[in-house]
Amino acid sequence: MIRLLDKSVSDKIAAGEVIERPISIVKELVENALDAGADSVVVEIKNGGKSYIRVTDNGCGIPSEEAETAFLRHATSKISTAADLDAIDTLGFRGEALASIAAVTRTEVITKTKGSKTGTRLILHGGRVITKEKTGCPDGTTIIVTDLFYNTPARLKFMKTDSAESGLIIDFMSQMALAYKDVKFRLINNGRILFSTQGDGNRLNTILRVYHDVDSRNMVPVCHSEDGISVDGYISTPAFSKTTRGSQIYFVNGRVVSSKVIEKGVSEGYRERLFEGRYPVVYLFLHVDPHTIDVNIHPNKREVRFNEESMITDFIARAIRDALSSEDAVVDAGNIFKGRENSISSSKVYERVFEPLREKTEEKQVDIKQILSTIENPYKAETESESESESEIAIYAPKFKPFDFSQLKVTGVIFDTYITAVDESNFYLIDQHAAQERIFYEKLVGEYESAEKVRQPLLVPLVINVSLSVSENSFDWLDALSRMGFTVNEFGPGTFRITEIPMFMELSEAEDFINQFIENINERTNLSNSVVIDKLIMMSCKAAVKANDKLSDGEVKALINDLSSCINPFSCPHGRPTFIRLTRYEIEKMFKRV
Ligand code: ADP
Ligand code: MG
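Quick caveat: nothing in here was measured; it's all calculated off a predicted structure. (Residues numbered from 1 in each chain as written. Chains lettered and ligands numbered in written order. Predicted model: local features only at pLDDT ≥ 70, side-chain atom pairs only at ≥ 80, totals over all residues. Heavy atoms only, no water.)

J.: I'd like a description of the overall build of the protein, backed by residues and values.
T.: Regarding its fold elements, the protein presents 15 helices and 26 strands. Across the 594 residues of the protein, 49% fall into the buried class. Across the protein, every contact between residues at least 6 apart in sequence was considered, and the portion connecting residues at least 24 apart equals 69%. Accessible surface, the protein: about 28700 Å² in total, of which carbon and sulfur atoms supply 51%. (Helix = DSSP H or I, 4+ residues; strand = E, 2+ residues; numbered from the N terminus. Buried < 20%, exposed > 50% of the residue type's maximum accessible area, 1.4 Å probe, protein only. Contact = heavy atoms within 4.5 Å. Areas by Shrake-Rupley, 256 points an atom, 1.4 Å probe, with all protein chains shown as cover.)

J.: Can you explain the nonpolar core? Please cite residues and give values.
T.: Core analysis: the largest hydrophobic core is formed by 56 residues, its most contacted members being Val30, Val41, Met173, Phe185 and Tyr283. Broken down by element, the residue count for this core peaks at seven residues, all from helix α2 (residues 22–35). Not counting residues within four places of it along the chain, the set of residues in contact with Val30 comprises Val41, Val43, Val55, Phe172, Met173, Met176 and Phe185. In this structure, Leu444, Met484, Val488 and Ala510 belong to the second largest nonpolar core, which totals 35 residues. (Core = buried A, V, L, I, M, F, W, Y, C linked by side-chain atoms within 4.5 Å.)

J.: Provide a residue-level description of the sheet that holds strand β23 (residues 455–465), including the pertinent values.
T.: The sheet built from three strands is open, its strands ordered β23-β25-β24 with antiparallel pairing. The open sheet is flanked by β23 and β24 (487–492), the only strands paired with a single partner. Going across the sheet, the axis of each strand differs from the next one's by a mean of 20°, ignoring polarity. In this sheet, strand β25 (residues 495–502) lies alongside β23 in antiparallel orientation, the contact comprising seven bridges. Note on β25: the bridge partner recorded for Asn465 is Thr495. (Pairing = 2+ DSSP bridges. Axes fitted to C-alpha atoms, helices over the stretch in contact; angles between N-to-C directions.)

J.: Help me get a handle on the packing of aromatic side chains, residues and values and all.
T.: Summed over the entire model, instances satisfying the criterion amount to ten aromatic pairs. Geometrically, the ring pair formed by Phe415 and Tyr418 is edge-to-face, given 6.4 Å between the ring centres and 85° between the ring planes. Residue class for Phe415 comes out exposed when judged on its relative accessible area of 68%. Under the relative-accessibility criterion, Tyr418 is labelled partly exposed at 31%. An angle of 5° between the planes, with centres 5.8 Å apart, marks the rings of Phe486 and Phe513 as stacked. Of this pair, Phe486 sits in the loop between α11 (474–483) and β24 while Phe513 sits in helix α12 (residues 507–519), and the two are 27 residues apart along the sequence. A connected cluster of aromatic rings, assembled from ring pairs, spans Phe440, Phe486, Phe504, Phe513 and Phe517. (Phe/Tyr/Trp six-rings, centres within 6.5 Å; stacked < 30°, edge-to-face > 60°.)

J.: Go over the packing of helix α5 (residues 162–179) against helix α6 (residues 203–210) with me, naming the residues and quoting the values.
T.: One can describe the packing of α5 onto α6 by two numbers: an axis separation of 9 Å at closest approach and a directional angle of 165°. As the angle between them shows, α5 and α6 are arranged roughly antiparallel. Handedness of the crossing formed by α5 with α6: right-handed. The segment α5 lies against α6, with Ser174, Ala177, Leu178 and Ala179 engaging Arg203, Thr206, Ile207 and Val210. A per-class count over the contact of α5 with α6 returns five nonpolar, two polar and one charged. (Parallel < 35°, antiparallel > 145°, perpendicular 65-115°, else oblique. Left-handed = near helix turned anticlockwise from the far one by under 90°. Nonpolar A, V, L, I, M, F, W, Y, C, P; charged D, E, K, R; others polar.)

J.: Let's hear about the sheet that holds strand β1 (residues 40–46): which residues, and what values?
T.: The eight strands lie next to each other as β5-β4-β3-β6-β2-β1-β7-β8, forming an open sheet whose pairing is mixed. The sheet terminates laterally at β5 (128–135) and β8 (192–196), the two strands that pair on one side only. Between one strand axis and the next, the sheet turns through 10° on average, direction left out of account. Where strand β3 (residues 106–112) and strand β6 (residues 140–146) come together, seven bridges link them in antiparallel fashion.

J.: Any details on the pairing of strand β15 (residues 282–287)? Residues and values, ideally.
T.: In terms of burial, β15 is largely enclosed, as five of its six residues are buried. Note: strand β10 (residues 229–236) against β15, six bridges, orientation antiparallel. Residue pairing in the sheet places Ile235 in a bridge with Val282 of β15. Note: strand β12 (residues 248–252) against β15, five bridges, orientation parallel. Paired with Phe251 across the bridge in β15 is Phe285.

J.: Can you explain unusual backbone geometry? Please cite residues and give values.
T.: The backbone phi angle of Asp147 is positive, close to 55°, even though this residue is not glycine. Structurally, the position occupied by Asp147 is in the loop between β6 and α4 (153–156). Residue classification places Asp147 among the partly exposed residues on the basis of a relative accessible area of 32%. Although it is not a glycine, Asn190 sits at a positive phi angle of roughly 45°.

J.: Could you give an account of helix α14 (residues 553–564), with specific residues and numbers?
T.: The first and last C-alpha atoms of α14 sit 17 Å apart over twelve residues, in line with the 16 Å expected at 1.5 Å per residue. Along α14, the positions that sit buried rather than exposed are Val556, Leu559, Ile560 and Leu563. Along the axis of α14, the buried positions cluster into a sector of 95°, meaning they face one direction only. In α14, the exposed residues that point more than 90 degrees away from the buried face are Lys557 and Asn561. Taken together, the buried residues of α14 touch β20 (409–414), β21 (418–423), β22 (426–431), α9 (432–449) and β26 (579–583). (Expected span 1.5 Å × (residues − 1). Arc of directions from axis to C-beta.)

J.: Summarise α6; cite the residues concerned and give the values.
T.: Considered for burial, the residues of α6 that qualify are Arg203, Leu204, Thr206, Ile207 and Val210. Take α6 and look down its axis: the buried residues cluster within an arc of 160°, on one side only. Where α6 is buried, its residues meet α5, β8, β9 (219–226), β10 and β15. N-cap assignment for α6: the residue whose side-chain oxygen lies 3.0 Å from the backbone N of Leu204 is Asn202. (Polar contact = N/O pair within 3.5 Å; in protein donor to acceptor, adjacent residues only side chain to side chain.)

Written as structure tokens, this is what we have:
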């Protein structure tokens, strides 16, 4: 028997098409807020949006008498005739978002138009109006959605984990904030503000507020136009790169898209400037004649097709090359290298995501600024995001293909400082001091972590004096030093005696290291936090490792060998590169052979 479905059933089915998961709700509500002319939008979610989504805007509000209507299917203020369909410039216009959201959740709306004295509060459960009342509230609209799919439990099993769902929302919100740089966006996840933009129209500022892992000093503006097409945005200098394409975001006419054609243009533009397996950070806003593209608006992934693909690829590549060869792309050699905080993965330290490094380049003269190494920065800033409970010291392991040291042929040493080496298609300069620091650091950390300490006894013990406040908490740092392979005992008030040092250290190194280590400790140093210890070790290595003037051939060989067994051989613990690479192509370019 053929039957018409009950309205509540058909509503739920229709809703399921529009509302697949929390991100669908956030997207519709944020788009409505922007359509309502808001220049401030706050989004708050809990449990990946499954249990709670709030979107607050300062837009035009919904008049009290229209509040229920807004929740009816095909209710929209945005079109009234079929002709309007062609002239749409709003984000949502199907008039089914609110109806669909309300059908599968408990929804509360608090809204007020500018002209009216009081606002309206409307509560719906599964699309049915439960409460409607007057309320005092600011101009604009707040919609709170709770208990997603409470009445369609079958849908719940399609939900991913909280963090997967919130990830989608965070990505979406980040992109919206970038695209609408004149709108203030704030995103709150489980009570914590993830970002908050100023809506001041400043693109770079917005990027930095949203993407905390971007190094502002290594971003250069892109601004390029050729008959009818234009692109603007920011891209990273080759000194700052990532191991995935995850930090590449493209907008075409204001919408985020994924596009192999643009990706290809970006790769072309950076050709020969990045090591294999490294990806630049790219935020590009492309503006083209809408008639020259076909946008297939799939809910999660927007594919865009360009009529003239290779023209777009070439255009993007030119824009990138232009930007990279501009003054802005020249890294100021006087800058201090500094890493950025990492997000800490839950498992082993070795799986930690690398942060890229601000790279040392020479002054701008020739093309040497393009001598790019893609070196990782293990330097770790202490930030609140770092978990206190990390039980191991951080060494960062590269995720990309390991560098093949066996191909490296040392050709000499220049200025008693830089080892020169080649492999099949590259020339390298290796900073011997930076390399020593890296080796020293990793050996110490290795020592700290290993159960067996390899110590060497001293014939004459070292004696050090420390301030009373430091000797007060000697319990902690004695333990830390002992874990690194030092044997230290209290000798009198503020005086300590070192009788054993780690095997690989020279006496002077051990002395400098300990002095530096203790000097860096103050009352606020939490020595039970391995991240803090890690940082202390890093700082102390610097003082300990002497610029070893002249290395013999054997010492150079040993150094390279030691370096090759480092987890991260490409930079010193402070983020300065150990390697600088010049490709054969770069060299040939400088000689104008290519
Ligand atoms: P559409 O956006 O396609 O018109 P929706 O179901 O998303 O359909 O919204 C229905 C109507 O409710 C909108 O046309 C608009 O008039 C009103 N509305 C929704 N959200 C807001 C908001 N945040 N501020 C003001 N009006 C809103
Ligand atoms: Mg809408």
